[in-house]
Amino acid sequence: MLLNCFKAYDVRGQVPSELNEDVAYRIGRAYAEVVEPRTVVVGCDIRLTSPALKQALSNGLRDAGVDVTDIGVCGTEQIYHATFAKGFDGGIVVTASHNPKDYNGMKFVREQSKPISGDTGLLDIKALAEANNFPAVDQQKKRGSLQLLDVEPEYVEHLLTYVDVSKLQPLKIVVNAGNGGAGRVIDLLEPHLPFEFIKIQHEPDGHFPNGVPNPLLVENRAPTIAAIEKHQADLGIAWDGDFDRCFLFDANARFIEGYYIVGMLAQAFLAKHDGGARIVHDPRLTWNTVDIVESNGGVAVQSKTGHAFIKERMRKEDAVYGGEMSAHHYFKDFAYCDSGMIPWLLVAALISEQGVSLAEQVDARIEAFPVSGEINRRIDDPAAVLTSVEQHYAAAAKTVEHVDGLSMEFEQWRFNLRMSNTEPVVRLNVESRADYSLMESKRDELLALMS
Ligand SMILES: [Zn+2]
């Protein structure tokens, strides 16, 4: 039986047709054979099908002799945290992030919360789960144990280490959990922080009465925007369902592109570190990040897009922080994993300590490096388009890179054009040096070339 629920980085599929308790059990058995852990921590998001899938997964692990610790309902980053903070040999969270309610999935890590993806074990897990040829459970040999563990207090304590609470101002902050899991963490943080939280779509609800928990959908931004305006808030935050990504709005209720948040967080980390600290970023948009990192005494390191690549590069470079424009932010002190809580805490600390609003901080950067936003185009032959675009600009380009798709730099503008792994789509990002109309005209020129 082929299992279509295995993707490049994780498991995701419709329940029950692609992912069900039988498949979850097999994945538990297969993970145990591939990773060979003694102990694994499991948890699940707030989806209605998550507890049953988590139990089947745990049964598979235990039948393979693995001791399972269950931390209950959690966000993806809480499994990362439990795995590294408690020294488990591996961790698995049952979650489908921002997908519709009839979906579910799993994300896997090994010891120290190192990612497991296609070339680092996921394909082996898939093959074993598909073959479903596991040895009978040896009743003589002891089956793995199951215990429950509450690591939430330790997780909250860890989150608070990223800010100096005594320097925080009583900001008014709109928080929109999208009826996913972020609300619970906000409630746990609240007694420790001077902020006034305005909570919308706060209660976890796997029926997703306000739509799928995906803040990138324009229709999902409206309630956050309305609440910021109504309450004259200083900041708005929206999370996806498993809150490994957070999306920020300024006091003008303007959605802030993730690219500019990467620059802000890089600056925050460089302020705390001696010169030479390393910051990893993706190749799609780079100039703002590189400019901030270099002018603050750091070293900018470009990595291929994708969490497994960024984490690996950060480990290799001993980088303090890594950021992707897609709202994935990675932290050395968080075992190089991504968090949707640490970024907004750092931004709130920056606003508090510098007395400069998010809007003002970002405005200067938007002006210095205006961007197109990521533009997706469905085309018949993406590879041919990349080749012809490269030929078109080859003579004029200062640099050409193929770290991730095609990046070309000119004196006053640059772009990245890359293919989707899964569909006949190309994704374009254009930026310029302080010249909005140049960015627009080059964006339109590229779009015309592609059509
Ligand atoms: Zn997510």
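Residues numbered from 1 in each chain as written. Predicted model: local features only at pLDDT ≥ 70, side-chain atom pairs only at ≥ 80, totals over all residues.

Caption draft 1: How the structure looks around the overall build of the chain. Helix and strand content of the chain: 14 helices and 20 strands. Counting only C-alpha atoms and orienting by the principal axes, one finds that the chain spans roughly 70 × 55 × 45 Å. Across the 451 residues in the chain, those meeting the buried criterion constitute 50%. Counting contacts in the chain only where the partners sit at least 6 residues apart, residues at least 24 apart contribute 69% of the total. (Helix = DSSP H or I, 4+ residues; strand = E, 2+ residues; numbered from the N terminus. Buried ≥ 20, exposed ≤ 12 C-beta atoms within 10 Å, placed from the backbone. Contact = placed C-beta atoms within 7 Å.)

Caption draft 2: Just the domain arrangement of the chain, in detail. If you check the domain split of the chain, you get domain 1 (11–153), domain 2 (171–256), domain 3 (258–338) and domain 4 (375–450). Placing a centre on the C-alpha atoms of domain 1 and another on those of domain 3 gives a separation of 29 Å. Each partner contributes residues to the interface: domain 1 has seven residues there, and domain 3 has seven residues. Of the residues assigned to the side of domain 1 that touches domain 3, the class counts are three nonpolar, three polar and one charged. (Domains from an automatic or database assignment. Nonpolar A, V, L, I, M, F, W, Y, C, P; charged D, E, K, R; others polar.)

Caption draft 3: Examining the nonpolar core more closely. In this structure, Ile 27, Tyr 31, Leu 57 and Leu 248 are the most contacted members of the largest nonpolar core, which totals 120 residues. Residues within four places of Leu 57 in sequence aside, it is in contact with Ala 24, Tyr 25, Ile 27, Gly 28, Val 42, Ile 92 and Val 94. (Core = buried A, V, L, I, M, F, W, Y, C linked by C-beta atoms within 7 Å.)

Caption draft 4: Geometry of the pairing of strand 18 (residues 406–409). Sheet topology places strand 17 (residues 399–401) next to strand 18; three bridges connect them, and they run antiparallel. Looking at the pairing, Thr 399 lines up with Glu 409 of strand 18. Hairpin geometry of strand 17 and strand 18 is characterised by an intervening segment of four residues between the two adjacent antiparallel strands and by a positive phi of about 70 degrees at Gly 405. Here four bridges tie strand 18 to strand 19 (residues 413–419), and the two strands are oriented antiparallel to one another. Bridge pairing links Leu 406 to Leu 417 in strand 19. Two successive antiparallel strands, strand 18 and strand 19, enclose a turn made up of three residues. (Pairing = 2+ DSSP bridges.)

Caption draft 5: How the structure looks around the sheet that holds strand 9 (residues 235–239). One open sheet accounts for four strands, arranged 8-7-9-10; its pairing is mixed. Each edge of the open sheet is held by one strand with a lone partner, namely strand 8 (196–200) and strand 10 (246–249). Put simply, the sheet's adjacent strands are angled 20 degrees from each other on average, direction ignored. Two strands pair when backbone bridges link them, and strand 7 (residues 172–176) and strand 9 are joined in this way by four bridges, in the parallel orientation. Opposite Asn 176, over in strand 9, you have Ala 238 as the bridge partner. (Axes fitted to C-alpha atoms, helices over the stretch in contact; angles between N-to-C directions.)

Caption draft 6: Main features of the pairing of strand 5 (residues 103–110). Counting buried positions along strand 5 yields eight of eight residues, so the element is predominantly enclosed. Of the two faces of strand 5, both are covered, the one formed by Tyr 103, Gly 105, Lys 107 and Val 109 as well as the one formed by Asn 104, Met 106, Phe 108 and Arg 110. Bridge count for strand 1 (residues 11–14) against strand 5 is four bridges, and the pairing is antiparallel. Along strand 5, the bridge assignment pairs Arg 12 with Gly 105. Of the pairings in the sheet, the one linking strand 4 (residues 90–94) to strand 5 comprises five bridges and is antiparallel in character. The residue of strand 5 that forms the bridge with Val 93 is Lys 107.

Caption draft 7: Representation of helix 7 (residues 218–231) within the structure. Between its terminal C-alpha atoms helix 7 stretches 21 Å, which fits the 20 Å expected from 14 residues at 1.5 Å a residue. Turning to helix 7, its buried residues are Asn 220, Thr 224, Ala 227 and Ile 228. All buried residues of helix 7 lie within an arc of 100 degrees about the axis, which places them on one face of the element. Exposed side of helix 7, more than 90 degrees from the buried face: Val 218, Glu 219, Ala 222 and Lys 230 are the residues found there. In the stretch just after helix 7, Gln 232 is the one whose phi turns positive, near 50 degrees. (Expected span 1.5 Å × (residues − 1). Arc of directions from axis to C-beta.)

Caption draft 8: Geometry of unusual backbone geometry. Put simply, Val 15 and Pro 16 share a cis peptide bond, and its omega is 5 degrees. With respect to the helices and strands, the residue Pro 16 is situated in the loop between strand 1 and helix 1 (21–35). The backbone phi angle of Glu 36 is positive, close to 50 degrees, even though this residue is not glycine. With phi around 50 degrees, Ser 97 is a residue other than glycine that occupies positive phi space. Among the structural elements, Ser 97 can be located in the loop between strand 4 and strand 5. For Ser 97, a count of 24 C-beta atoms within 10 Å corresponds to the buried category.

Caption draft 9: Region of interest: the sheet that holds strand 20 (residues 425–432). Taken together, the five strands give an open sheet; going across it, the order is 16-20-19-18-17, and neighbouring strands pair in antiparallel fashion. Two strands in the sheet have a free side with no partner beyond their single neighbour: strand 16 (375–378) and strand 17. Neighbour to neighbour, the strand axes of the sheet diverge by 15 degrees on average, direction disregarded. Contacting strand 17, strand 18, strand 19 and strand 20, helix 13 (residues 382–393) crosses the sheet at an angle of about 160 degrees to strand 19. Sitting on the sheet, helix 14 (residues 436–450) is in contact with strand 16, strand 19 and strand 20, with an inclination near 155 degrees to strand 20.

Caption draft 10: Quick look at helix 8 (residues 258–272). Along its 15 residues, helix 8 runs 22 Å from first to last C-alpha, staying within 8% of the 21 Å computed at 1.5 Å per residue. Counted residue by residue, helix 8 has 13 buried out of 15 residues, so it is predominantly covered.

Caption draft 11: Examining the packing of helix 8 against helix 12 (residues 358–368) more closely. Between helix 8 and helix 12, the least distance of the axes is 10 Å, while the angle of their chain directions is 115 degrees. Taken together, the axes of helix 8 and helix 12 lie roughly perpendicular to each other. The two elements helix 8 and helix 12 meet at a crossing, and its hand is right-handed. Contacts from Tyr 260, Gly 263 and Met 264 of helix 8 reach helix 12 at Gln 361, Val 362, Arg 365 and Ile 366. In terms of residue class, the contact of helix 8 with helix 12 is made up of four nonpolar, two polar and one charged. (Parallel < 35°, antiparallel > 145°, perpendicular 65-115°, else oblique. Left-handed = near helix turned anticlockwise from the far one by under 90°.)

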